[in-house]
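# Observations on the model geometry
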Amino acid sequence: MTEQETEQVRIIKKYPNRRLYDTEESRYITLPEVRELVVKNTPMKVVDTNSGEDITRNILLQIIIEQESDSDPLFSNDNLQNFIRYYSDTSHQGFSMFIDRSLHFFQDQQEAIQSQMQDLMTGGSPMKFWSDLGEKNVDLWKSMQNDFFSAMGVNTKKEK
């Protein structure tokens, strides 16, 4: 991370009493407020005040656990069991890369749909929208599949 990028990252300090302190707003904040920073795509880093260690990942996992405890969880029991299985499996890296690419793919699709819907509202062609979106989806899934199999050591290229 460059010095300029570091300056733009919002620092949240976690104290031994489990309280979180937002250094930019000079006030204590709650876990739901940290979640809002994530939702708003605010670059941030959570630092343990005792050790100086970056504990952002721990806080994000805590937010996910709280979200999953609600009445409408994102992950099914099968999903969670598969996650646990892949932690001890040799395909750990491939699975991690697949999940990362899938989430990026999903986010890109959401942004593309929103953009295309905006274009449709201003006189664009619905058929072209769905045709372009379908073509992009096929290309992205092929790329993700090739990356996944490559990480697993499987050659997906057909030899002539």
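No experiment lies behind these values; they were computed from the predicted model shown. (Residues numbered from 1 in each chain as written. Predicted model: local features only at pLDDT ≥ 70, side-chain atom pairs only at ≥ 80, totals over all residues. Heavy atoms only, no water.)

## Things to note about the overall build of the protein chain
Note the cut-off: Helix and strand assignments come from DSSP, with helices taken as H or I runs of at least 4 residues and strands as E runs of at least 2, each series counted from the N terminus. Using a 1.4 Å probe on the protein chains alone, a residue whose accessible area is under 20% of its type maximum counts as buried, one over 50% counts as exposed, and one in between counts as partly exposed. Accessible surface area values rest on a Shrake-Rupley calculation with a 1.4 Å probe, where residue burial reflects the displayed protein chains alone.
Check the secondary structure of the protein chain and you find six helices and four strands. Reading the protein chain from its N end, one meets helices and strands in the order α-β-β-β-α-β-α-α-α-α. Out of the 160 residues belonging to the protein chain, those deemed buried represent 17%. Accessible surface computed for the protein chain: about 12,500 Å², of which carbon and sulfur atoms make up 51%.

## Observations regarding helix α3 (residues 56-69)
Put simply, the rule reads: For a helix, the expected span equals 1.5 Å multiplied by the residue count minus one. Contact criterion: two residues are considered in contact whenever any of their non-hydrogen atoms come within 4.5 Å of each other.
Compared with the 20 Å implied by 1.5 Å per residue over 14 residues, the 20 Å span of α3 between its first and last C-alpha is a close match. Residues of α3 that are buried: Thr56, Ile59, Ile63 and Glu68. Buried positions along α3 lie against β1 (10-14), β2 (20-22), α2 (31-39) and β4 (44-48).

## So, the pattern of salt bridges
Defined as follows: Salt bridges are identified by distance alone: a Lys or Arg side-chain nitrogen within 4 Å of an Asp or Glu carboxyl oxygen.
Under the criterion given, the structure shown has five salt bridges. For aspartate 22, the salt bridge identified is with arginine 10, shortest N-O distance 2.8 Å. Here arginine 10 lies in strand β1 and aspartate 22 lies in strand β2, a separation of 12 residues in the sequence. Arginine 10 carries the same exposure label as aspartate 22, and that label is buried. Between glutamate 36 and arginine 35 there is a salt bridge; the shortest N-O distance is 3.2 Å. Look at arginine 35 and you get partly exposed, because its relative accessible area is 28%. Residues participating in the shared-partner salt-bridge network are Arg10, Asp22, Glu25, Arg27 and Glu33.

## Describing the environment of tryptophan 130
The topology assignment puts tryptophan 130 in helix α6 (residues 126-151). The exposure class assigned to tryptophan 130 is exposed, which follows from its relative accessible area of 52%.

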